[in-house]
Amino acid sequence: MIPDADEMMAWIRAVTERGIRRPGYPADDWTAAWAAARFEEFGLEGVRLAPVELPCWKPVSATLAVEGGPEFEAFALPYTRAKARVRAPLSREVAPGAIVVPKMAFTELPQAYVRDLATAWHDPEGAFDELTQVLPFQLDYLDVLHGAMRGGAAGFAGGLTGVPWETRDYYAPYDAETRDIPAVWLSGRDARRVLALIDEGPRTGVLTVEAETGPAVSHNVIGLLPGASDQWVIIGSHHDAPWASAVEDATGIALVLAAARHWAPVPALERPHNLLFLLTAGHMALAAGTRAFIEENRAMLPDVVLQLHLEHAALRCVGVDGELVPTGDPEPRWWFTSRRPRLERLVHEALVAEDLRRSFVLPPDVFSPMPPTDGAFFHPEGVPLVHFLSAPMYLFDSADTLDKVDVAGLEPLARAAVRIVEGTAGWTARGPS
């Protein structure tokens, strides 16, 4: 009863064809309504769109001009100063009153190191011995931006010089925190040209940014299926994205729809628990939808056996001549799982059964106090969780297109999700009975 990869790809294609799905954008509103219609079509009960208030940020234009030299197209950092025209000296280093142009590179993460942190893994080909993953961020990039602000810089023009492909379309940070500084990303090629001009002698730049900001209302998409116990399993992902974004997170939408499609025709007494399917709004605004759902449904949390979040069926890519080229391999798969031995074993058994290679079972707090997922805020509430996520380097970029989807992984990922839910039969929120 799991939809096949062709059907899931049709869903992914339908979502990405609408365009950019940032919070407050028409394409994201369409996606929420479309997903609700699919829930109803499958036979879910109590389907509704729950409103979520969040900040909307729409970039219009951004440039950095070097006086007496060229002008470069740029991309404004989300939620930084919305309108500005700053004329100031250009500088490699933070200096009061200057436009700082720092080099930026993405972090490289050896998978042998991650394996040392994992509670279990499935790597039958032994890829983790040598594989290094390029993450979609530099670990300290916010420190660099905040350092510019603390140092009194007039502007920030981060150069993506260490990124394996040519891009300026980097949607980060996405915590919806307002930062009162005009700030942009430059492509690696353009940043190197600016830095070369700075090295020739003092240069003045003009940084111009225009964006639209304001409140917006998006919606969580919710559907229910009754089960054999009075406990709950929540199966979720998010529906917004930084761009049209096939992997982030049209694939997550497809995996949740696949789970809903599977469980809907199953008799209620054969579903291990009540099932709640959740597609949240505002992941790109500090998981606004997840936080709103938790506040609105706090009374049910003590009865949640499992919160299963499904994000990012992604292919690993390599940079070739300034372009991203997909490989035939999945990006390493992270399964953040609450520190409950029987739950950890259940997840590992599902990964092996579906041969989901290059997978880690990781503690939720292995990298930070919460897992780096849209559902992270369930963790401090004490809700048992399994969160699937991969982190390809193009995750926040317009390069996240249909050719980056791990098509071969869609069906086994969906089946693994079903296995995990089935495996909780007889459990309570306190753990296995």
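What you see is a predicted model; the values in this text were computed from it and never measured.

Concerning the overall build of the protein chain
- Tallying secondary structure elements over the protein chain gives nine helices and 20 strands in all.
- Taking 2.2 N^0.38 as the reference for a compact globule, 433 residues should give roughly 22 Å; the C-alpha atoms of the protein chain span a radius of gyration of 22 Å, in line with that estimate.
- The principal-axis extents of the C-alpha atoms in the protein chain amount to approximately 75 × 45 × 35 Å.
- Here the protein chain, with 433 residues, has 59% of them falling under the buried criterion.
- A sequence separation of at least 24 residues applies to 81% of the contacts in the protein chain between residues at least 6 apart.
- Accessible area of the protein chain: about 16,000 Å², with a carbon and sulfur share of 51%.
- Side-chain charges of the protein chain comprise 37 positive and 58 negative groups, with the mean position of each set lying 2 Å from the other.

What about the packing of aromatic side chains?
- Overall, the coordinates contain 19 aromatic pairs when judged by the stated rule.
- With a centroid separation of 5.1 Å and an interplanar angle of 45 degrees, the aromatic rings of Y174 and F396 are classed as tilted. Placement of Y174 in the loop between β10 (155-162) and β11 (183-187) and of F396 in the loop between β20 (385-389) and α9 (407-422) is noted, with a sequence separation of 222 residues between them.
- Y174 gets classed as partly exposed once you look at its relative accessible area, which sits at 23%.
- On the basis of relative accessibility, which here comes to 7%, the residue F396 falls in the buried class.
- Measuring from ring centre to ring centre gives 5.2 Å for W334 and F367, while their planes differ by 55 degrees; the resulting arrangement is tilted.

Parameters at a glance
Residues numbered from 1 in each chain as written. Predicted model: local features only at pLDDT ≥ 70, side-chain atom pairs only at ≥ 80, totals over all residues. Heavy atoms only, no water. Helix = DSSP H or I, 4+ residues; strand = E, 2+ residues; numbered from the N terminus. Rg over C-alpha atoms; globule rule 2.2 N^0.38 Å. Buried < 20%, exposed > 50% of the residue type's maximum accessible area, 1.4 Å probe, protein only. Contact = heavy atoms within 4.5 Å. Areas by Shrake-Rupley, 256 points an atom, 1.4 Å probe, with all protein chains shown as cover. Lys, Arg positive; Asp, Glu negative; His and termini not counted. Charge placed at Lys NZ, Arg CZ, Asp CG, Glu CD. Phe/Tyr/Trp six-rings, centres within 6.5 Å; stacked < 30°, edge-to-face > 60°.

Remember that the coordinates give geometry; whether it matters functionally is a separate question.
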